[in-house]
Every structure is written in C-alpha cells, then in structure tokens.
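Structural features, examined
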Amino acid sequence: MKYRLEIMRQKDSTSEPYLQCIDYETDDCNTAVSTALSQINNNGNYKDINGNIVSHISWECSCLQKKCGACAMVINSKPRLACDTKLSECNINGVVKIEPLKKFPVVSDLTVDRSIMFENLKAINAWLSSEYRSDDKTNNTAYISSRCLQCGCCLEVCPNFYAGSEFFGTSVLAPMSRVITLSENEDLKAASKLYKKNYYSGCGKSLACKDVCPAKIDVDDLLVNSNAAAVWRIGFGKKKR
Ligand code: SF4
Ligand code: SF4
Ligand code: FES
C-alpha cells in the first residue's frame, strides 16, 4: 500500500510552517501513523516528492500503546493518537495529512507545548487534599476520570477553549469530576466553586469533545455527575449520594 504523507513541518516556534509531502509504502495494513513517522526518522534516507532528504521529524511519543497521550496530533483534520491511527483507516484517497495540534504553541514540527493544560490543572487544584475512599456509588466516576490521558484532543475541537481563557475544557473536567465526586464538606465547596468558574459556566454541552476523545471518556456522564454534585446539590449545603 502506498500513501502520500503530507506533514506540516516547522523548524522552531519562530519559523514559517511548510508542508512536506513524502511517499510512504508499507505491506502491513495495520501500520500506524506513529510507525510511519518512526521508520522515516530511523531510515534517514527518505526523500520528499521534490527529491529533498527528509530531515528528522519532531514528534512526541512514549508508550506507543494508547496509554500516555503524548502522540496526539491532527491527522486528516481530526485530533487523534498517532499510535492508535492506522494509515489504512485514516487516509483519504491515499493521502494522510499530519499536522500539530493547533490550540497549543508549536515547538517544532508536530511537537507542541501543552503546558497550559498542566497549569490549568494546578489552577483548579485537581487533586484530593484529604484522604477519601471511593465506594460502590462513586467507583464508576472515579474510574472514568482516571482514564484521561491529558492528550489535548478534546481541546482541539472545543469551540470555547483557547489558551488564557477562564474556561479550561474537558481535560480538567475529567480529573475535577473525581475530586467533586469523592470529596465532601469544605473540600467539595472549594472544588465546586472552581468547577463552576472554570468549566460549568463556559461549556456549551455540544459534546464535540466526547466524539474525539481517544480514551472514550463518557463526558456526558461526568458532566451530569459533576453538575449534580457541584452545581445543584451544593446549593443546599449538603451532598447527597
Ligand atoms: S478527556 Fe479525552 S481527549 Fe481530553 S485530554 Fe482526556 S483523554 Fe484526551
Ligand atoms: S461539551 Fe463542547 S464546549 Fe463543553 S468541553 Fe466539550 S466541546 Fe467544549
Ligand atoms: S505514544 Fe502514548 S498514546 Fe501514543
């Protein structure tokens, strides 16, 4: 199988981006985008369609098993994990366009600086400050929340998220839902206040983020549970479970 990879290149954060087209061939219908990028980098002799040697393509990965979220990028207009995207399934007439996530500053090529996500996690105190144990009623939400990879795919499609906004998007909803579901009393009140300010007030509930989440997080379930605990029940001063 032959594919034309159209890769958005950018030497560094101040350089002009450009599209480099590379013809890539594989016999394996399971070849992932991550495999193609690795092979091109490891080979070192690939040429683009204009005959230029392809310099090392910068991109991030760690687990290569859909577990870490590092390899998130835009593949044929959709944010996806490169290690979980087969060329045979994502191409359009043999063409696979590969771009960096656009909601974050480009460091080089397909590598972006996602530190705003971690700054936002710190801003909403996305951790339990006391010891709380989940039970039969909270296990499911705690489990769903824990599956978030912090990849940023949800932010890519969210119409309301941009860097610097008070609205932090679904990458904070997931960990925040765990905090809200498990905590009580003053901890719950503090978490609820931040949840309302940094998520509830800005979310349009379109669930576009759910459609692209590689971890298949049930965003609507988290929303319902978190809203019930943080927005409605907290108003009566008591959390009911
Ligand atoms: S909610 Fe899904 S898309 Fe968003 S950061 Fe977590 S795993 Fe990625
Ligand atoms: S439901 Fe819509 S507005 Fe809310 S986080 Fe998801 S994409 Fe953004
Ligand atoms: S490298 Fe970890 S999710 Fe792709």
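Residues numbered from 1 in each chain as written. Chains lettered and ligands numbered in written order. Predicted model: local features only at pLDDT ≥ 70, side-chain atom pairs only at ≥ 80, totals over all residues.

Focus on the sheet that holds strand β1 (residues 2-9)
Spatial ordering of the open sheet is given by β2-β1-β5-β3-β4, a layout of five strands whose pairing is mixed. Pairing within the sheet leaves two strands with one partner each, and these edge strands are β2 (18-25) and β4 (78-81). Between one strand axis and the next, the sheet turns by 35 degrees as a mean value, whatever way the strands run. Contacting β1, β2, β3 (72-75) and β5 (95-99), helix α1 (residues 33-43) runs over the sheet at an angle of about 95 degrees to β2. (Pairing = 2+ DSSP bridges. Helix = DSSP H or I, 4+ residues; strand = E, 2+ residues; numbered from the N terminus. Axes fitted to C-alpha atoms, helices over the stretch in contact; angles between N-to-C directions. Contact = placed C-beta atoms within 7 Å.)

Some details on the site of ligand 2
All residues adjacent to ligand 2 are Cys 158, Asn 160, Gly 169, Thr 170, Cys 203, Gly 204, Lys 205, Ser 206, Leu 207, Ala 208 and Cys 209. When grouped by side-chain class, the residues that make up the shell around ligand 2 number five nonpolar, five polar and one charged. (Near = placed C-beta within 6 Å. Nonpolar A, V, L, I, M, F, W, Y, C, P; charged D, E, K, R; others polar.)

Details of the confidence of the model for the chain
Note that predicted coordinates carrying low pLDDT should not be read in detail. With 97% of its residues at a pLDDT of at least 70, the chain reaches an overall mean of 93. Note that residues 236-241 has pLDDT below 50 and, in this model, eight contacts with residues that lie over four places away or in other chains. (pLDDT = per-residue confidence, 0-100.)

Describing the nonpolar core
In globular proteins that are soluble, nonpolar side chains generally tend to be buried together. In terms of nonpolar packing, the biggest core is built from 57 residues, with Val 33, Met 73, Ala 82, Met 176, Ile 180 and Ala 191 touching the most fellow members. With seven residues, helix α6 (residues 170-182) is the largest single contributor of residues to this core. Two domains share this core, each providing at least three of its residues, namely domain 1 (2-112) and domain 2 (115-236). Residue contacts for Ala 82: discarding those within four places in its chain leaves Ala 32, Val 33, Ser 34, Leu 37, Trp 59, Cys 61, Cys 71 and Met 73. (Core = buried A, V, L, I, M, F, W, Y, C linked by C-beta atoms within 7 Å. Buried ≥ 20, exposed ≤ 12 C-beta atoms within 10 Å, placed from the backbone. Domains from an automatic or database assignment.)

Here we look at the site of ligand 1
Inspection of the region around ligand 1 gives 15 residues, with Cys 148, Cys 151, Cys 153, Cys 154 and Cys 213 positioned closest. Per-element tally for the shell around ligand 1: the top contributor is α6, with three residues. Taken together, the residues of the shell around ligand 1 sort by class into ten nonpolar, five polar and no charged.

A short note on helix α7 (residues 185-200)
Look at α7: only 20 Å from first C-alpha to last across 16 residues, short of the 22 Å you get at 1.5 Å a residue. Restricting attention to buried positions, one finds in α7 the residues Leu 188, Ala 191, Ser 192, Leu 194, Tyr 195, Asn 198 and Tyr 199. Packed against the buried residues of α7 are α6 and α9 (219-232). (Expected span 1.5 Å × (residues − 1).)

Quick notes on the packing of helix α4 (residues 139-146) against α6
Between α4 and α6, whose axes approach to 8 Å, the crossing angle comes to 155 degrees. With respect to α6, the axis of α4 lies roughly antiparallel. When the axes of α4 and α6 are compared, the crossing they make is left-handed. Counting all contacts with α4, which are made through Thr 141, Ala 142, Ser 145 and Ser 146, the residues of α6 involved are Ala 174, Pro 175, Ser 177, Arg 178, Thr 181 and Leu 182. (Parallel < 35°, antiparallel > 145°, perpendicular 65-115°, else oblique. Left-handed = near helix turned anticlockwise from the far one by under 90°.)

A look at the environment of Asn 52
Structurally, the position occupied by Asn 52 is in the loop between α1 and β3. When the C-alpha positions of Asn 52 and Ile 22 are compared, they lie 9.8 Å apart, and in sequence the two are 30 residues distant.

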